[in-house]
Amino acid sequence: MACAASSVKDSLNVGGAKAFSNNLFRDYLKSSVSYPVSEISSPIRAQHVAYGSNLIVRGSKSRDFSSKLASTNGSSKVSEERVTVLVIGGGGREHALCYALERSPSCDAVFCAPGNSGIAQSGDATCIPDLDISNSDAVISFCRNWGVGLVVVGPEAPLVAGLANELVKAGIPTFGPSSEAAALEGSKDFMKKLCDKYHIPTAKYQTFTDPSDAKKYVEEQGAPIVVKADGLAAGKGVVVAMTLEKAFEAIDSMLVEGSFGSAGSRVIIEEYLEGEEVSFFALVDGETALPLESAQDHKRVGDGDVGPNTGGMGAYSPAPIVTEKLKCKVMESIIVPTVKGMAAEGCKFVGVLYAGIMIEKKSGLPKLIEYNVRFGDPECQVLMMRLQSDLAQVLLAACRGELGSVSLTWSPELATVVVMASEGYPGVYKKGTVIKNIDEAEQVSPAVKIFHAGTALDRDGNFVAAGGRVLGVTAKGKDIEEARAKAYDALDVVDWPEGFFRHDIGWRAQKYRRMVAH
């Protein structure tokens, strides 16, 4: 099976598919999963009725066709079509997407809503902080008034809430799944049922709403064991319990104390898989899946992979453990059956599938840990640093159902990102602490880019911390050692006493490199 782009078009039989017994899917219009691109209005207007004349559009570009062709490196079908893009979200992932889109030859301008101060200051996008992204009517109105021809939804919450459904219904090409398809991330129980039905390898599990039943199952299975909140918990709803007591605490926290609200009203108790975890990404147009380059995240907060799980403290790409053989195996046994299964259930997936994969120690085979329905953060940062293709055209091809004709071009260099976080993260942390020398840090090397995940400006114009994960210091190099050195050189320049970061990002890649060398 070819791994460049895997299509399930010829093998689907949507009409004869059986529905899930609990009717998780509901029927909806075909337009919600088929994203046609209408004629795109690319010129930017000087005035806007909702946002007034004070909105200064950054990044409005006019390039001739020959320069566009050169810039794409022949990586995808080049079109003379111009496009204005709106990125939904305001974190490091969205900054990275804006950065890649701003470099796209066919992209006239990039908006980001709400964005953040760092994205606005960088010039990678025009931020619209007062656009309510939870109000689909407001987003649709903005797109129509400003000639937006592509919306890229960054975070999972708007997708689960159905923003893509409303945008597509309004005829606006949107990269991101419908709310029905976003259930792959919105409900771990849903994802597990899909795995059961379509024979996708994953950890053994049971779902519970009663804490006593959950604890009884844990006692039967023994520790270590994994406890997961069913719904969205901002990356914090997973507890790897090495003892029965820790598992019981997690169950009580979720089912009794309600620490994650409705997201934790149901829990999945899952077998503990021993091995190495990698992040696997594929663009999907409903029928075809196109794998991206590999990446590897660092979830634990402390050096040596100790402490609680976080949203991610750093990443690098490519991950040397993901060989071409393994990539084909993941596509064959996990990604393609998922795309096929979703279509067979009457719920085509359009967007990016982010699979957390465990390479089992004992078998060497990949198993699915969980799905996310958006780019990973901070993996997106290293992927966008390495991508050389015209991202705007690639995402439009996904919206059109044309990924089968797309190939991607990547920098041969390795990229790494080190996250700077507020002291106390992932627990209680202080906001408003001043961060200095960000611009100076970015000047350490042309290969360095700092992505803003949680920054704001104070009254004096200083950057201040406004979140848990605040900066993603990213760098490219010919190998992991060079990329790491550039990133950490830049980190040394940032003046932020209340911030911290891991000092060992990329250690697995270094270990693998040494092993191969010997």
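In this report, we go over the structure that sits alongside the text. (Residues numbered from 1 in each chain as written. Predicted model: local features only at pLDDT ≥ 70, side-chain atom pairs only at ≥ 80, totals over all residues. Heavy atoms only, no water.)

**Re the nonpolar core**
Step number 1: Of all hydrophobic cores here, the largest spans 58 residues; its most connected members are Leu86, Val151, Leu184, Ile335, Ile357, Leu368 and Tyr371.
Step number 2: In terms of residue count, helix H11 (residues 324-344) provides more of this core than any other element does, eight residues in total.
Step number 3: Apart from residues no more than four positions distant in its own chain, Ile357 is found in contact with Glu276, Glu277, Val278, Phe280, Val330, Ile334, Pro366, Lys367, Leu368 and Ile369.
Step number 4: Core analysis: the second largest hydrophobic core is formed by 48 residues, Tyr99, Ala100, Leu290 and Val382 among them. (Core = buried A, V, L, I, M, F, W, Y, C linked by side-chain atoms within 4.5 Å. Buried < 20%, exposed > 50% of the residue type's maximum accessible area, 1.4 Å probe, protein only. Helix = DSSP H or I, 4+ residues; strand = E, 2+ residues; numbered from the N terminus. Contact = heavy atoms within 4.5 Å.)

**Thoughts on the sheet that holds strand S23 (residues 463-465)**
Step number 1: Taken together, three strands build an open sheet; the order of strands is S20-S23-S22 and the sheet is antiparallel. A strand with exactly one partner marks an edge of an open sheet, and here the two such strands are strand S20 (434-435) and strand S22 (455-457).
Step number 2: In this structure, S22 lies alongside S23, joined through three bridges in antiparallel fashion. Directly across from Leu457, in S23, lies its bridge partner Phe463. (Pairing = 2+ DSSP bridges.)

**Considering the packing of aromatic side chains**
Step number 1: Within the structure shown, the criterion is met by 10 aromatic pairs.
Step number 2: Aromatic pair Phe142 and Trp146: ring centres 6.2 Å apart, planes at 25 degrees, arrangement stacked. Each member of the pair, Phe142 as well as Trp146, is classed as buried.
Step number 3: Linked through ring pairs, Phe175, Phe281, Tyr354 and Phe375 together constitute an aromatic cluster. (Phe/Tyr/Trp six-rings, centres within 6.5 Å; stacked < 30°, edge-to-face > 60°.)

**Let's talk about the pairing of strand S5 (residues 150-153)**
Step number 1: Burial of S5 is two-sided: the residues Leu150 and Val152 facing one way and the residues Val151 and Val153 facing the other way are all buried.
Step number 2: Where strand S2 (residues 83-89) meets S5, four bridges bridge the pair, whose relative direction is parallel. Looking at S5, one finds that Leu86 is bridged to Val151.
Step number 3: By the bridge criterion, two bridges tie S5 to strand S6 (residues 174-175) in an arrangement that is parallel. Within the sheet, the bridge partner assigned to Val152 lies in S6 and is Phe175.

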